[in-house]
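Listed below are the residues making up each chain.
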Amino acid sequence: MKFPALPFASLRAPSLRLPKLPAVLRPGFTGAEWLFSFKAFAAAMLAVFLASWAGQPRPFWALMTAYVVANPLASAVRSKGLFRFVGTLIGGAAAVLLVPRFANAPELLSLALALWVAGCLCLSLRDRTPRAYAFMLAGYTAALIGFPSVDSPLAIFDTAVARLEEIGLGVLAATLVHSLVLPKSLSSSVIGLLDRTLGDTRAWLSDIAGRRDGGADRRRVAGDITQLRLLSIHIPFDTSHLRWTADAVHAMQDGVAALTPLLAGVEDRLQALEAHTANAGGSKGDALPDDVRAMLDAIGPWLASTAVDAEARLPDLRAQLAALTGDAARERLADDPWARLLRVALAERLGELLDGWLHCMELRADIDRGLAGEAMRARPAPALSGPKLHRDMGMALWSGAAALIAILVCCAFWILTGWPMGSAAAMMAAIFCCFFAAMDDPVPAINGFLHWTVLSMPFGALYVLVLLPLVQDMWTLMAVCAPMFLIVGAYVGRPSTFGAALPFLFGVIGTLVMHDTAQADLTSFLNSMSGQLAGVFVAARVTRLMRSVGADWSARRIQRATWRELDELARLPRSTSRAQAYLLRMLDRISLLAPRVAQAGGSVPGVPTDDALHDLRVGADLVALQGARGRLAGRSDAAAATVARRHRRLAARAHRRPHRGDRGAARRLAGTAGRRTRSARRGLPRLAAAARGSDSCRERVDGSAPQPVPAGPHAAAFRG
């Protein structure tokens with residue numbers, strides 16, 4: 001009997017799709033994450049052992065310190081540990097001085113400690129380097145030591161010394177473990193960032209030489225330079241030969257930074273020469289003269305050569321560059337002084353650019369020799385006048401004021417109610433107002449930290465109330481702590497889960513720090529946690545009311561700071577050291593603007609993001625003008641002063657069009673140059689380059705094209 005065929009192929013079991021687990025439940029830790037977690041846990045256990053062996057009253061402060069300074073990079077652990085110890089020392093000294101003097105006046109003591117925290121926070125935000133951690137720590141350490149000691153002011157000195165010793169032991173343990181057990185050097189990060197910056201700069205210069213847009217990330221160059229400057233703070237603490245290259249790395253940072261306005265200036269002058277040649281000849285497309293095109297074609301292969309080959313081939317490039325403004329070019333362009341001025345400006349900037357690139361290549365080769373263990377020659381750091389990073393004292397003061405108000409609100413509630421855990425609220429308000437003060441809007445970060453701190457409370461209670469009272473020695477302590485600390489520590493070592501794992505871990509460790517595990521009970525635990533959560537809540541609410549700003553608001557504030565500084569550059573003569581400091585600050589501002597503009601949707605009214613490097617070039621031109629004015633006489637000096645005055649108006653009122661009567665100051669400079677004195681001849685090429693930058697500024701703001709210079713007495717300009 002034959003049975004009919006059944007369509008088994010068409011019968012399919014219903015698909016069962018399991019819900020995708022969140023990333024936190026699918027760990028898959030890498031070897032680097034496990035290594036970081038084991039090293040941090042080993043350092044923490046060593047810190048607790050040393051503190052217990054030394055008879056410290058709160059050994060878990062040492063454990064917390066070991067986790068606070070933990071970092072995958074050994075140099076970052078060393079530097080952060082030093083800054084933390086110095087900050088704790090200063091903050092403890094402040095608490096010792098303030099608490100006994102105002103112990104009988106709680107209102108004055110609250111005000112004094114709040115003012116100290118606010119002042120230290122202002123200094124921290126003003127610095128903006130890893131050293132700022134020491135200032136911030138000095139602020140809230142005084143609150144951590146001072147507020148719990150108001151009931152026993154006579155013991156404040158012993159408390160401060162014990163806290164300093166506990167934190168010092170934690171720093172010592174972390175430094176030993178992270179430096180001796182498979183230390184990770186900073187060299188790969190620094191060298192990788194250096195090479196990426198050089199690569200972006202080379203791509204930018206190649207795009208200019210090829211007259212194309214190859215997609216070189218120009219804003220990333222500014223961000224990388226700032227990141228290098230921040231990372232270089234840790235170089236002297238590194239465990240490899242990188243620490244001997246600190247001077248060369250700093251010099252290379254300054255060298256690459258100096259290339260940035262030169263690159264933008266060369267690009268601007270090429271565009272102006274191309275437009276002028278096209279207008280004069282009525283041509284379209286690539287209108288660059290043949291000799292300029294040949295010069296650019298020769299630069300391309302030169303960029304790909306090594307430092308030794310580049311130095312050997314540089315004289316040929318110099319000769320080709322000199323021909324752009326030589327006798328043949330002057331005779332050929334006898335009736336076109338504006339074209340000659342553009343050539344002088346282009347040759348000046350290109351010469352500086354080639355010298356700067358060769359200097360950076362030589363420094364990069366020196367760094368490689370230093371990493372190989374060879375002796376490095378000493379390079380004295382340039383004496384820069386002025387800060388290297390952007391400083392916003394207004395926001396720093398406002399952040400300090402928010403911290404002051406938050407602490408005083410907690411202290412007022414503490415004094416009025418007599419709540420024993422009011423000190424915990426005041427401490428947490430100080431800590432959280434300091435931790436996130438550098439953000440435009442710290443409230444989301446504070447709320448996120450609060451969320452994970454609340455989730456850590458059951459685990460903190462488990463340790464304080466159940467597990468730690470059973471611990472009899474170090475081995476049982478390690479057995480009790482290892483399961484959770486190792487797993488959460490691995491999450492801390494993963495960038496994607498760092499923001500959640502760190503507050504969770506610190507919530508548990510903070511519970512251990514705040515309680516005497518031998519006498520803790522549920523009532524004291526709940527009371528203490530309520531105080532901590534209240535302090536975080538007050539910090540978030542006060543910050544929301546006083547301090548939170550949007551990304552677009554911060555971007556406009558940064559741009560206004562640039563315009564104010566351009567105004568000062570135009571009004572007051574500036575030395576070379578101040579010019580270099582301005583260059584570094586401007587690059588830092590560009591790196592600060594980029595993420596804020598992106599966060600604001602890609603554009604911010606009042607912030608010219610399409611030409612972020614324009615203000616950088618304007619500042620360099622202003623410095624050149626100010627330096628040349630001292631060597632010029634008569635109407636040449638008046639022309640330079642006219643250019644400077646116009647830049648000042650553009651800087652102070654960038655949203656308005658400049659007065660039409662100030663147009664063509666560079667052309668007036670070309671007209672007066674024929675009557676220059678012999679002592680002024682050396683300053684004219686640089687002044688011509690800066691004057692062309694002035695006209696580009698006018699063209700950008702007015703949207704107008706350059707006007708031809710009439711023939712006449714100008715024909716003798718820039719001759720011989």
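Residues numbered from 1 in each chain as written. Predicted model: local features only at pLDDT ≥ 70, side-chain atom pairs only at ≥ 80, totals over all residues. Heavy atoms only, no water.

Notes on the overall build of the protein chain
Put simply, the rule is: In DSSP terms, a helix is any run of H or I states spanning at least four residues, a strand is any run of E spanning at least two, and both are numbered starting from the N terminus. Burial classes follow relative accessibility: with a 1.4 Å probe on protein chains only, a residue under 20% of its type's maximum area counts as buried, one over 50% as exposed, and anything between as partly exposed. The criterion used for residue contact is that any of the two residues' heavy atoms lie within 4.5 Å.
Per the secondary structure count, the protein chain includes 25 helices and zero strands. The buried share of the protein chain, taken over its 720 residues, is 53%. Across the protein chain, contacts joining residues at least 24 apart in sequence account for 79% of those joining residues at least 6 apart.

Comments concerning the pattern of salt bridges
Threshold: Salt bridge, as applied in this entry: a Lys or Arg side-chain nitrogen positioned within 4 Å of an Asp or Glu carboxyl oxygen.
Scanning the entire structure with this criterion turns up 20 salt bridges. A salt bridge links Arg 494 to Glu 33, with the shortest nitrogen-to-oxygen separation between them at 3.3 Å. Remark: Glu 33 occurs in helix H1 (residues 31-53) and Arg 494 occurs in the loop between helix H17 (474-492) and helix H18 (498-514); sequence separation between them is 461 residues. By relative accessible area, Arg 494 is classed as buried at 11%. The class of Glu 33 is buried, set by a relative accessible area of 9%. Between Arg 369 and Asp 366 there is a salt bridge whose closest N-O contact spans 1.9 Å.

Section: the packing of aromatic side chains
Each pair of aromatic rings is reported with the distance of its centres and the angle of its planes. What counts, and what does not: Two rings from Phe, Tyr or Trp (for Trp, the six-membered ring) form a pair when their centres sit within 6.5 Å of each other. Planes less than 30 degrees apart are called stacked, planes more than 60 degrees apart edge-to-face, and all others tilted.
All told, the structure shown has 15 aromatic pairs when counted by the stated rule. For the ring pair Tyr 140 and Phe 435, a centre distance of 5.7 Å and an interplane angle of 85 degrees mean the geometry is edge-to-face. In this pair, Tyr 140 sits in helix H5 (residues 132-146) while Phe 435 sits in helix H15 (residues 422-435), placing the two residues 295 residues apart along the sequence. Look at Phe 435 and you get partly exposed, because its relative accessible area is 35%. Ring centres 6.2 Å apart and planes at 85 degrees place the aromatic pair Phe 435 and Phe 436 in the edge-to-face group. A relative accessible area of 11% places Phe 436 in the buried class. Taken together through their ring pairs, the aromatic side chains of Tyr 140, Phe 432, Phe 435, Phe 436 and Phe 449 make up a single cluster.

Quick look at unusual backbone geometry
Generally, phi is negative for residues other than glycine and the peptide bonds are trans, each holding for most cases. In this structure, Arg 128 takes a positive phi of about 65 degrees despite not being glycine. Assignment of secondary structure puts Arg 128 in the loop between helix H4 (106-127) and H5. Arg 128 sits in the partly exposed class, given a relative accessible area of 25%. Backbone geometry places Leu 182, a non-glycine residue, at a positive phi of 45 degrees. Within the element layout of this structure, Leu 182 appears in the loop between helix H6 (156-180) and helix H7 (187-210). What makes Leu 182 exposed here is its relative accessible area of 58%.

Some thoughts on the confidence of the model for the protein chain
Note the cut-off: Within a predicted model, pLDDT stands for the predictor's per-residue confidence, ranging from 0 to 100.
Here the protein chain averages 80 in pLDDT, and 78% of its residues register 70 or above. Taken as a whole, residues 1-16 scores under 50 in pLDDT and shows zero contacts with residues more than four places along the chain or in a different chain.

Some remarks on the nonpolar core
The criterion, for reference: As used in this record, nonpolar core signifies buried Ala, Val, Leu, Ile, Met, Phe, Trp, Tyr and Cys residues forming a set joined through side-chain atoms within 4.5 Å.
Membership of the largest hydrophobic core comes to 104 residues, with the highest contact counts inside it found for Leu 63, Tyr 67, Tyr 140, Phe 147, Phe 432, Phe 485 and Ile 509. With near-sequence residues (within four places) excluded, Tyr 67 lies in contact with Ala 40, Phe 41, Ala 44, Phe 485, Leu 505, Phe 506 and Ile 509.

Brief notes about empty space enclosed by the protein
Where empty space is left in the structure can be found by rolling a water-sized probe over the atoms. Stated precisely, the cut-off is as follows: The distinction between a cavity and a pocket rests on a 1 Å grid over the protein atoms alone: a 1.4 Å probe fits inside a cavity but cannot get out, while a pocket stays open yet meets protein on both sides within 12 Å along at least five of seven lines, and a residue with an atom within 4 Å of a point counts as lining. Grid points are joined across faces, edges and corners, and a volume is the space filled by probe spheres set on the points. Amino acid classes used here: Ala, Val, Leu, Ile, Met, Phe, Trp, Tyr, Cys and Pro are nonpolar; Asp, Glu, Lys and Arg are charged; the rest, including Gly, are polar.
In the structure shown here, the tally under the stated rule is three cavities of 30 Å³ or more. As a volume, the largest cavity reaches approximately 50 Å³. Elements represented by at least two residues in the lining of the largest cavity include exactly helix H14 (393-417) and H15. Of the residues assigned to the lining of the largest cavity, the class counts are seven nonpolar, two polar and one charged.

Let's talk about the environment of Leu 321
Turning to its location among the elements, Leu 321 is positioned in helix H11 (residues 307-323). Spatially, the C-alpha atoms of Leu 321 and Ala 347 are 6.3 Å apart, while their sequence positions differ by 26 residues. Apart from the residues lying within four places of it in its own chain, the contact partners of Leu 321 are Met 295, Ala 347, Leu 350 and Gly 351.

Considerations on the packing of helix H3 (residues 74-101) against H6
We count it as follows: In this description, a line fitted to the C-alpha atoms serves as the axis of each element, helices being fitted only across the stretch in contact, and the angle between N-to-C directions of two axes falls anywhere from 0 to 180 degrees. The scheme is simple: roughly parallel for angles under 35 degrees, roughly antiparallel for over 145, roughly perpendicular for 65 to 115, oblique for anything else.
H6 packs onto H3 with a crossing angle of 180 degrees between their chain directions and a minimal axis gap of 10 Å. As the angle between them shows, H3 and H6 are arranged roughly antiparallel. The residue inventory of the contact of H3 with H6, partitioned by class, reads 15 nonpolar, seven polar and two charged.

Some words on helix H19 (residues 522-546)
Definition in use: How far a helix is expected to stretch is found by multiplying one less than its residue total by 1.5 Å.
Over its 25 residues, H19 runs 36 Å from end to end, which matches the ideal 36 Å to within 8%, given 1.5 Å per residue. Turning to H19, its buried residues are Phe 525, Ser 528, Met 529, Gly 531, Gln 532, Gly 535, Val 536, Val 538, Ala 539, Ala 540, Val 542 and Thr 543. Tucked into the core, H19 has its buried residues touching H14, H15, helix H16 (443-467) and H18.

Here's the deal with the environment of His 178
Looking at where His 178 falls in the secondary structure, it is placed in helix H6. Setting aside its immediate chain neighbours within four residues, His 178 contacts Lys 39, Ala 40, Ala 70, Asn 71, Ala 74, Val 77 and Pro 183.

Considering the state of the cysteines
Heads up, the condition is: Cysteine sulfur atoms that pair up within 2.5 Å are treated as a disulfide.
This structure, assessed with the given rule, holds zero disulfides. Counting only cysteine sulfurs, Cys 434 is the nearest neighbor of Cys 433, a cysteine outside any disulfide, at a range of 6.9 Å. The exposure class of Cys 433 is buried, given its relative accessible area of 7%.

Remarks on the side chain of Asp 224
Stated precisely, the cut-off is as follows: Within 3.5 Å is the distance limit for a polar contact, defined as a pair of N or O atoms, with the added protein rule that one can donate a hydrogen and the other accept it, and that residues adjacent in sequence qualify only through two side-chain atoms.
Take Asp 224: it is sitting in helix H8 (residues 218-231). A polar atom in the side chain of Asp 224 sits 2.4 Å from the side chain of Arg 196. Look past the residues within four positions of Asp 224 in its chain and what remains in contact with it is Leu 193, Arg 196, Thr 197 and Asp 200.

Description of a nonpolar patch on the surface
The following threshold applies: Note that patches include only residues with greater than 30% relative accessible area and no salt bridge, and the join distances are 9 Å for like charges and 5 Å for nonpolar side chains (Val, Leu, Ile, Met, Phe, Trp, Tyr). For accessible areas, the Shrake-Rupley method is used with a probe of radius 1.4 Å. Any residue's cover is judged against the shown protein chains and nothing else.
A cluster of nonpolar residues, Leu 35, Leu 172, Leu 176, Leu 180, Val 181 and Leu 182, forms a patch on the protein surface that exposes about 540 Å² of accessible area. The element contributing the most residues to the nonpolar patch is H6, with three residues. Its location among the elements puts Leu 35 in helix H1.

Details of the packing of H14 against H19
Definition in use: Here a crossing is taken to be left-handed if its near helix is turned anticlockwise relative to the far helix by less than a right angle, and right-handed if that turn runs clockwise.
Where H14 meets H19, the closest approach of the two axes is 9 Å, and the angle between their N-to-C directions is 140 degrees. When the interaxial angle is binned, H14 and H19 end up oblique. Note that H14 runs across H19; the crossing there is right-handed. Seen from H14, the contacting residues are Trp 398, Ala 401, Ala 402, Ile 405, Ala 406, Val 409 and Cys 410; seen from H19, they are Gly 535, Val 538, Ala 539, Val 542 and Met 546. Considered class by class, the residues forming the contact of H14 with H19 number eleven nonpolar, one polar and no charged.

Observations concerning H17
Just so we agree on the cut-off: The angle between axes fitted to the seven residues ending at a residue and the seven residues starting there is what we call the bend at that residue.
Where H17 bends most, the angle comes to about 50 degrees, and this point is Ala 482, followed within four residues by the proline Pro 483. Buried within H17 are the following residues: Met 474, Leu 477, Cys 481, Ala 482, Met 484, Phe 485, Leu 486, Val 488, Gly 489, Ala 490, Tyr 491 and Val 492. Residues of H17 that are buried make contact with H1, helix H2 (60-68), H16 and H18. Capping the start of H17 is the job of one residue whose side-chain oxygen sits 3.3 Å from the backbone nitrogen of Trp 475: Asp 473.

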